[in-house]
Amino acid sequence: MKRTRSFLALFIALYVIMTTSMSCNKFKGDQEIPAYIHVDTFLLTTDYAFEGAASHKITDVWLYIDGNVLGCYELPATIPVLERGEHDLILIPGIKLNGNSSTRTINPFYKPYEIESFNLEEGVIDTILPTTRYYTKDESTIEFSIEDFERQISLKESDNSDTTIILTERDDPNVWKDLEGNSHYSGYVWLGDTIDFFCIMSDEQFKNLPNQGDNVFLEIDYKCTNAFKVGLLARVGGVEQIDLVYVNPSAKWNKIYINLGPNITDYQDALYFDYFISGTLDGAQEAEYYFDNIKLVYRD
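Quick look at the sheet that holds strand β15 (residues 197–201)
A sheet is described by the order of its strands in space; here five strands give the open sequence β12-β15-β20-β17-β18, paired in antiparallel fashion. For this open sheet the edge positions go to β12 (156–157) and β18 (238–247), each flanked by a neighbour on one side alone. Across two bridges, the pairing between β12 and β15 is antiparallel. Paired with Glu157 across the bridge in β15 is Ile200.

Regarding the sheet that holds strand β5 (residues 77–81)
Picture the strands of a sheet paired through backbone hydrogen bonds; they go either parallel or antiparallel. Taken in spatial order, the three strands of this open sheet run β5-β1-β9, and their pairing is mixed. Only two strands of the sheet have a single neighbouring strand rather than two, namely β5 and β9 (125–128). In this sheet, neighbouring strand axes are inclined to one another by 25 degrees on average, regardless of whether the strands run parallel or antiparallel. Here four bridges tie strand β1 (residues 35–39) to β9, and the two strands are oriented parallel to one another. Note on β9: the bridge partner recorded for Tyr36 is Ile125.

Let's talk about the nonpolar core
Counting residues in each nonpolar core, the largest one holds 36 residues, and the members touching the most others are Leu218, Ile220, Phe228, Ile277, Tyr289, Phe291 and Ile294. Looking at this core element by element, the count peaks at six residues for strand β21 (residues 286–299). Leave out the neighbours within four places in its chain, and Ile220 touches Val230, Asn254, Lys255, Ile256, Ile258, Ile277, Phe291, Asp292, Asn293 and Ile294. Grouped together as the second largest cluster of nonpolar side chains are 28 residues, Leu44, Ile79, Ile142 and Val297 included.

Observations concerning the layout of surface pockets
Computed from the structure, the largest pocket encloses a volume of approximately 480 Å³. Here the element with the most residues in the lining of the largest pocket is strand β19 (residues 250–259); it accounts for five residues. Classifying every residue of the lining of the largest pocket by side-chain character gives seven nonpolar, six polar and seven charged. The wall of the second largest pocket is formed by 18 residues, among which Phe197, Lys229, Phe276, Ser278 and Gly279 lie closest to the centre. Counting residues per element, the ones that place at least two in the lining of the second largest pocket are β15, β17 (228–236), β18 and β20 (273–280). No other element matches β20, which puts four residues into the lining of the second largest pocket. Residue classes in the lining of the second largest pocket are distributed as nine nonpolar, seven polar and two charged.

Remarks on a negative patch on the surface
A grouping of Asp66, Glu83, Asp88, Glu114 and Glu116 is seen on the molecular surface, where their side chains present a negatively charged patch. Its place among the elements puts Glu116 in strand β8 (residues 113–120).

Some details on the packing of aromatic side chains
Counted by the stated rule, this structure contains eleven aromatic pairs. Three or more aromatic residues joined by ring pairs form one cluster here, namely Phe198, Tyr222, Phe228, Tyr289 and Phe291. Here Lys255 stacks its cationic end above the ring of Tyr257, 5.8 Å away from the centre of that ring.

What counts, and where the lines are drawn
- The numbering scheme is per chain: residues are counted from 1 as the chain's sequence reads.
- Local features in this predicted model are restricted to residues whose pLDDT is 70 or higher, and side-chain atom pairs enter the listing and the counts only when it is 80 or higher, whereas totals over whole chains, interfaces and linings include all residues.
- Water and hydrogen atoms were dropped before computing side-chain values, which therefore reflect all heavy atoms in the structure.
- One requirement defines pairing of two strands: DSSP has to find at least two bridges between them.
- Here a strand is any run of E in DSSP of at least two residues, a helix any run of H or I of at least four, and the numbering for each starts at the N terminus.
- Note on definitions: angles span 0 to 180 degrees between N-to-C directions of axes, and those axes are lines fitted to C-alpha atoms, for helices only across the stretch in contact.
- In plain words, nonpolar cores are sets of buried Ala, Val, Leu, Ile, Met, Phe, Trp, Tyr and Cys residues tied together by side-chain atoms within 4.5 Å.
- Under the scheme applied here, a residue whose accessible area is under 20% of the maximum for its type counts as buried, over 50% as exposed, and between as partly exposed, the area being computed with a 1.4 Å probe on protein chains only.
- Any two residues whose heavy atoms approach within 4.5 Å at even a single point are treated as in contact.
- Of the two site types, the cavity is a set of points on a 1 Å grid over the protein atoms alone where a 1.4 Å probe fits but cannot get out, and the pocket is an open set with protein on both sides within 12 Å along at least five of seven lines, each lined by residues with an atom within 4 Å of a point.
- Grid points are joined across faces, edges and corners, and a volume is the space filled by probe spheres set on the points.
- When residues are sorted by character, Ala, Val, Leu, Ile, Met, Phe, Trp, Tyr, Cys and Pro go into the nonpolar class, Asp, Glu, Lys and Arg into the charged class, and all the rest, Gly among them, into the polar class.
- Only residues whose relative accessible area exceeds 30% and that form no salt bridge enter a patch; like-charged residues are grouped when within 9 Å of one another, and nonpolar side chains (Val, Leu, Ile, Met, Phe, Trp, Tyr) when within 5 Å.
- For the area figures, the Shrake-Rupley method with a 1.4 Å probe applies, and any residue is considered shielded solely by the protein chains shown.
- Salt bridges are defined by distance alone: a side-chain nitrogen of Lys or Arg within 4 Å of a carboxyl oxygen of Asp or Glu.
- Neither His nor the chain ends is counted toward charge; the positive residues are Lys and Arg and the negative residues Asp and Glu.
- For this purpose, a charge sits on NZ of Lys, CZ of Arg, CG of Asp or CD of Glu.
- Each Phe, Tyr or Trp ring, with Trp reduced to its six-membered ring, pairs with another whose centre is within 6.5 Å; inter-plane angles below 30 degrees give stacked pairs, above 60 give edge-to-face pairs, and intermediate values give tilted ones.
- Here, a charge over a ring is recorded when the distance from Lys NZ or Arg CZ to the ring centre is within 6 Å and its angle to the ring normal is within 35 degrees.

Keep in mind these numbers describe shape, not what the thing actually does.
Here it is as structure tokens:
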């Protein structure tokens, strides 16, 4: 019995010595100290006449070094990098597709920000201020259909809608404002009393949208007290309604990017498409909806 206990004690002692030795050896040698790249946000610029307002919700940066992806990082981000010396960097704007944090992706219509021969130094935090814009027609045949509510409203109410969308006044405190704080006209929908449902839709019938799995983005800026729904109307003999995304209320201006492409691909025989936005009181006494900078963006 004494021998058994002695052997067990010896085994434990040897195990502790070996484990300690291994853990010490694990940290021997030179420790790599990374360089760091810090990115707060992207700045989007647009040609207003063709591309509309420079409204965006870029939430992420996708970082490439010498053509190899390092990862996707939520902004603001301080990114550790083990490379040293001069390297080519590419920073690509990332978004939450359909407003879902589990579907983070690059925005294929925004240009990457590229830096050649960027010097990475051990322990140094370099702050980069990336800019982006839409690809121009010379670079990629991007088409826009824009409702910015600045001149008139091109949206229309559906046959079963209880109300329509109207223009706000510029001095309405709830209107959309640009980065400089300038107020713009917005679209407004009110629900209450016996008016408990609205459905507005594009006036243009889109007949030539790409339907081979291509991206077709619908961008919407919004501020609202109740949820609303976004979808497509496909003309295939009759009109078929395709519900896509339910958007939660937001007390401040927010933005969503919705990819219509997969559903358009599913209806390749459709003669044309309309997009629609709808909402209900859903038990509330009243509801208010503000919309702005609605853009349909796709490659021809």
